Amino acid sequence: MTSLCSGLLWGAAGWAFFVPDDATLQVFLYTSLVGLAAGSIIVTSYWLPAYFAFSVPAIGISAMRLVAEGRAEYVGLALLMAMYLLIITRVARVQHRAACSLVELRDENLGLVARLSEEKAAVEAANRELDLRVRERTAELEEEVEVRKAAEERLDHLAHHDPLTGLPNRLAFSSHLDRAVALAARRGRRFALLFIDLARFKEVNDSAGHNVGDRLLQAVSERLVGNLRRGDHLSRLGGDEFVCLLEDIADGREALRIAEKMLGLLSASFDVAGHEVHLSGSIGICVYPDDGEDGETLVRNADTAMFRAKAQGRGQAHFYTPAMTEAARERLRMDSALRRAREAGELALHYQLKVDAGGQPVGAEALLRWTNAEFGAVPPSRFIPLAEDTGLIVRLGEWVLRESCEQAARWREEGLDLPSIAVNLSVKQLDHPDFMALLASVVEDSGWPPSRVELEITESMIMDGDRALESLHLLRASGFGIAIDDFGTGYSSLAYLKRLPVTALKIDRSFVDGIGRGGGDEAIIRTVVSLAKRLGCTTVAEGVESEAQRRFLVDEGVDVLQGYGIARPLSPQAFVAAWREACERSARG
């Protein structure tokens, strides 16, 4: 609209100021109009409608004015102006298209720049977000790495340490021992290995509970570790077994001195959860390189020495000797043979006659015998401790109980009615959870009444705390007789004996053997007889071998006699003959 008004204004001005006679003014006027028209191309060609709106009125009115004069030169000039207008219009159109292309290109460029800016902003935002996520993930990964590292360290610690005591376990000890062997071999040094076994720990565990047992093991570990030399290495192998590696010792005497110190530490009382606990230990000692040049041999030999120390009694330490290895090998062969003995028919029960003061038979004791092709007739003093150590005594004891009761029932059917049959009982049998059920099964299957079964239990086993006391009361309530075997050789107190449901005290053969030798054994026998009468128990003297011993025991009031001087342990057939002979002899007076 502005261009149109401007064009009309310029055209009207040209019409009004046109002076036909003034040639100079005319030339100036039309030259100016043409110049304005040409200028309009440049100014308005970017928008073609604006150009037409300005140029057509401006030039067209002037051209019409010239034509209106009717003069040929003016008409020619108007035609020239019209032609010029057409040429300029053509140029304007080309210029307009070019301008439009430039505008479009500019717009495209501006759009592209805008898009690039947006994309750049988006990329920068994405980069910032990515950087943030990378930093967060990096932090998470670092935390995961720390957690995994801590977990791996924890697993490694658990794999090489005892979870209860925190001591190195068997695996860690084996590695440390191998390194110690290699180092000692290079430097020409010696070291010692102490294999430590705790005595009476199982009793504490069973009587006071596993919690007290666990805390006791912790207390033992702390006490031993707190008294080790710098550089010594204590490990727990499992259960109540420990092993200590003594680095760089001068000789075996130094190892023995340290072992004796440890035994002293173990013998001191422990206060655990309100319980005053007394322990002792057995220690086997071996020295590198004298007793072995590799870790496996050293541990095996120290273990062997520990068993020898244990056999000598509580609170002992013993050095390894090569002879122990042969003994251990023989022990393994004997254990293997003993496990097959029942199926091979190598086991048998012999029965030893028991008589009263007048010689009248009152019962028998069942005694296990083993004859093997390799070892011959093995004495009970060899194979019974082996069965105890290996746990085989539970199976053997069951067989003895069942066979003796069935034999007594068979004798009754044959006319020999035993008043009582005595069977030795092991602590491992008493501790077995199925023992009461086993006894019930034996008496039911055999038909032999429990009132005619006397279970002999050693005095040391009687002292196994409240657990033994409870078991003995259950046995007595079931009708079984309870006899304390080897009485006088243990540590039972009179106060504790009063609580026991015992029916008989068996005087140990060592006291019977001392009769007439003036060693105080006779006084002990009198004391035991007096004690038994006060407790309402029967007294039984075992190991009676001479007439002098028999007379003394009868004179002192012993109720039952047993031993080679009365009758040897016999096979079932021979026992029947001995029983009848004893009955006849007693009847003759």
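Before going into details, it helps to say that this report is about the structure given with it. Here the structure is a predicted model, which is why all the values come from computation and not from measurement.

Further remarks concern the overall build of the protein chain. Scanning the protein chain from N- to C-terminus turns up 21 helices and 16 strands. Residues classed as buried in the protein chain amount to 41% of the 589 residues present. In the protein chain, 67% of the contacts between residues at least 6 apart in sequence involve partners at least 24 apart.

Quick look at helix H8 (residues 252-267) now. Between its terminal C-alpha atoms H8 stretches 22 Å, which fits the 22 Å expected from 16 residues at 1.5 Å a residue. Within the sequence span of H8, burial applies to Gly252, Glu254, Ala255, Ile258, Ala259, Met262, Leu263, Leu265 and Leu266. Along its buried surface, H8 packs onto strand S1 (191-199), helix H7 (210-225), strand S3 (241-246), strand S4 (270-272), strand S6 (280-288) and strand S7 (316-319).

The strand order across the open sheet built from five strands is S2-S3-S1-S6-S7, with neighbouring strands paired in mixed fashion. In the strand order of this sheet, the two ends are held by strand S2 (233-238) and S7, each with one partner. Averaged over all pairs of adjacent strands, the angle between their axes in this sheet comes to 20°, without regard to strand direction. Note that S2 and S3 share five bridges and pair antiparallel. Residue pairing for S3: Leu234 is matched across the bridge by Cys244.

This paragraph deals with the pairing of strand S11 (residues 421-424). Sheet analysis places strand S9 (residues 361-372) next to S11, joined by three bridges and oriented parallel. Of the residues in S11, the one forming a bridge with Glu365 is Ala422. Two elements, S11 and strand S12 (residues 453-458), share four bridges in a ladder whose sense is parallel. Each bridged residue has a counterpart across the sheet, and for Val423 the counterpart in S12 is Leu455.

What follows covers a nonpolar patch on the surface. Side chains of Val67, Val75 and Leu79 sit close together on the surface and give an oily, nonpolar patch of about 230 Å² of accessible area. In this fold, Val75 is placed in helix H4 (residues 72-160).

This next bit is on the pattern of salt bridges. A side chain of one charge can pair with a side chain of the opposite charge if their charged atoms are brought near each other. Inspection of every chain in the model, using the stated rule, returns 25 salt bridges. The residue Asp251 makes a salt bridge to Arg253 at a minimum N-O spacing of 3.0 Å. On the basis of relative accessible area, Arg253 is assigned to the exposed category, the value being 67%. For Arg331, the salt bridge is made with Asp389, and the minimal N-O distance between the two is 2.8 Å. Highlighted residues: Arg331 in helix H10 (residues 322-341) and Asp389 in helix H11 (residues 380-390), separated in sequence by 58 residues.

Here the focus is the environment of Ala364. Summarising the element assignment, Ala364 is placed in strand S9. By relative accessible area, which is 1% here, Ala364 ends up buried. Counting along the chain gives 14 residues from Ala364 to His350, while the straight-line C-alpha distance between them is 9.6 Å. Not counting the four nearest positions on each side in its chain, Ala364 is found in contact with Tyr351, Gln352, Lys354, Ser420, Ile421, Ala422 and Phe575.

In total, this model carries seven aromatic pairs according to the counting rule given. Taken together, a centroid distance of 5.0 Å and an interplanar angle of 5° make the contact between Phe191 and Tyr288 stacked. Pair noted here: Phe191 is in strand S1 and Tyr288 is in strand S6, with a separation of 97 residues, a long-range link. Per residue, the accessibility class of Phe191 equals that of Tyr288, and both read buried. Note on Trp370 and Phe383: the rings are 5.8 Å apart at their centroids and 80° apart in plane angle, and the pair reads as edge-to-face. On the criterion of sequence distance, the pair formed by Trp370 in strand S9 and Phe383 in helix H11 is long-range, its members being 13 residues apart.

Before going further, it helps to spend a moment on unusual backbone geometry. Outside of glycine, negative phi angles account for most residues, and trans bonds account for most peptide bonds. Following Tyr288, the chain continues to Pro289 via a peptide bond in cis, the omega torsion being 5°. Positive phi values are uncommon outside glycine, yet Asp248 reaches one of about 50°. Mapped onto the elements, Asp248 comes out in the loop between S3 and H8. Backbone geometry at Ala273 places phi at a positive 50°, although glycine is not the residue there.

Thresholds, definitions, all that
Starting from 1, residues in each chain are numbered consecutively following that chain's sequence as written. Per-residue local features of the predicted model are confined to residues with pLDDT of at least 70, and side-chain atom pairs are confined, for both listing and counting, to 80 or more; whole-chain, interface and lining totals are unaffected and use all residues. Excluded from the side-chain calculation are hydrogens and water; included are all heavy atoms of the structure. The way it works is that DSSP assigns letters per residue, a run of H or I at least four long becomes a helix, a run of E at least two long becomes a strand, and they are numbered from the N terminus. Buried, partly exposed and exposed residues are distinguished by accessible area as a fraction of the type maximum, computed with a 1.4 Å probe on protein chains only: under 20%, between the cut-offs, and over 50%, respectively. Here, residues are in contact when the closest pair of their heavy atoms is within 4.5 Å. A helix is expected to reach a length of 1.5 Å times the quantity of its residues less one. In this description, strands pair whenever DSSP reports at least two bridges between them. Where helices are involved, their axes are fitted lines through C-alpha atoms of the stretch in contact, as for all axes, and angles between N-to-C directions lie from 0 to 180°. Patch construction takes residues with relative accessible area above 30% that form no salt bridge. Like charges are linked within 9 Å, and nonpolar side chains (Val, Leu, Ile, Met, Phe, Trp, Tyr) are linked within 5 Å. Here the Shrake-Rupley method, with its probe set to 1.4 Å, supplies the accessible areas, and only the displayed protein chains count as covering residues. A pairing counts as a salt bridge when a side-chain nitrogen of Lys or Arg comes within 4 Å of a carboxyl oxygen of Asp or Glu. Classification of ring pairs rests on two measures: the distance between centres of Phe, Tyr or Trp rings, Trp counted by its six-membered ring, which must be within 6.5 Å, and the angle between planes, read as stacked under 30 degrees, edge-to-face over 60 and tilted in between.

Distances and angles like these do not, on their own, reveal function.
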